[in-house]
Amino acid sequence: MKRKKHGSADDEAAIDMTPMLDIVFIMLIFFIVTTSFVKEKGLEVNRPKDSNTPPPPTNVKSLAIRVNEDGTIVVNGREVDIRRVEANIQSFLAENAQDSAAVQAHPKAKHGDVTEVINEVKKAGIANVSVLVGK
């Protein structure tokens, strides 16, 4: 009896998928491991909520503080020393009911000076402080 050298047609048509699946899983693991899951650092911004309340009356005086390029501090048009900022704000609050202040900083003003002014404003009792920077 003679044996056939070639197998049946069904044996030749089968393709082994195991090596291809191994390669796909290895690539998947490679991409998962090389992906960076680092959260970028940055400032958290608290945006105000939309409200349908009318704007405050225009006859209310606002507290405006300006920090100039050379470090001089101007509170409502008067030049003051950093040690007198809190006292000036408290005297302003005694005359006007105000719960917010705006600190305008010159772009070349030192950050330390601006931070000191903001701290003095908060010590005076104003919690809402806005920082404005011009061009």
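Only a predicted model underlies this, so the values are computations on that prediction, with no experimental measurement involved.

Trainee: So what exactly am I meant to see when it comes to the sheet that holds strand 5 (residues 128-133) here?
Mentor: Backbone-to-backbone hydrogen bonds pair the strands of a sheet. The strands run either parallel or antiparallel. Here 5 strands make up an open sheet; going across it, the order is 3-2-1-4-5 and the pairing mixed. Unpaired on one side and paired on the other, strand 3 (78-80) and strand 5 mark the two borders of the sheet. In this sheet, neighbouring strand axes are inclined to one another by 25 degrees on average, regardless of whether the strands run parallel or antiparallel. Looking at chain direction, strand 1 (residues 63-67) and strand 4 (residues 100-105) are connected through 5 bridges and run parallel. If you follow Ala64 over to strand 4, its bridge partner there is Ala102.

Trainee: I would appreciate a short explanation of the pairing of strand 4 in the present structure.
Mentor: Both faces of the sheet carry side chains from a regular strand, because those side chains alternate between them. Every second residue of strand 4 is oriented toward a common face, the buried set being Ala101, Val103 and Ala105 and the non-buried set Ser100, Ala102 and Gln104. Alignment of strand 4 against strand 5, held across 6 bridges, turns out to be parallel. For Ala105, the partnering residue across the bridge sits in strand 5 and is Val133. In this fold, strand 4 hands off to helix 4 (residues 111-123), which returns the chain to strand 5; that crossover is right-handed.

Trainee: In this structure, what is going on with the packing of helix 3 (residues 85-95) against helix 4? I would like to understand it.
Mentor: A packed helix pair is summarised by two numbers, namely the angle formed by the two axes and the spacing between the axes. Two numbers describe how helix 3 lies on helix 4: the axes approach to 8 Å, and their chain directions differ by 40 degrees. Relative to helix 4, the element helix 3 is oriented oblique. Regarding helix 3 and helix 4, the two cross each other, and that crossing is right-handed. Listed contacts from helix 4 to Val85, Glu86, Ile89 and Gln90 of helix 3 are Glu120, Val121 and Lys123.

So, how was this worked out
- Residue positions are given per chain, counting from 1 as you read along its sequence in written order.
- Owing to the predicted nature of the model, reporting of local features is limited to residues with pLDDT of at least 70; listing and counting of side-chain atom pairs is limited to 80 or more, with chain, interface and lining totals taken over all residues.
- As a rule here, side-chain values come from all non-hydrogen atoms in the structure, and water together with hydrogens is ignored.
- We treat two strands as partners when DSSP finds at least two bridges between them.
- What counts as a helix is a DSSP run of H or I of at least four residues, what counts as a strand is a run of E of at least two, and both are numbered from the N terminus.
- For helices, the fitted line uses only the C-alpha atoms of the stretch in contact; every axis is such a line through C-alpha atoms, and the angle between N-to-C directions lies from 0 to 180 degrees.
- Using a 1.4 Å probe on the protein chains alone, a residue whose accessible area is under 20% of its type maximum counts as buried, one over 50% counts as exposed, and one in between counts as partly exposed.
- Classification remark: right-handed applies to a crossover when, strands pointing away from the viewer, the course from the first strand over the helix to the second runs clockwise.
- Orientation labels follow simple angle bins: below 35 degrees gives roughly parallel, above 145 gives roughly antiparallel, 65 to 115 gives roughly perpendicular, and whatever is left gives oblique.
- What makes a crossing left-handed is the near helix being turned counterclockwise from the far one by less than a right angle; a clockwise turn instead makes it right-handed.
- By the convention used here, residues are in contact when the closest approach between their heavy atoms is within 4.5 Å.

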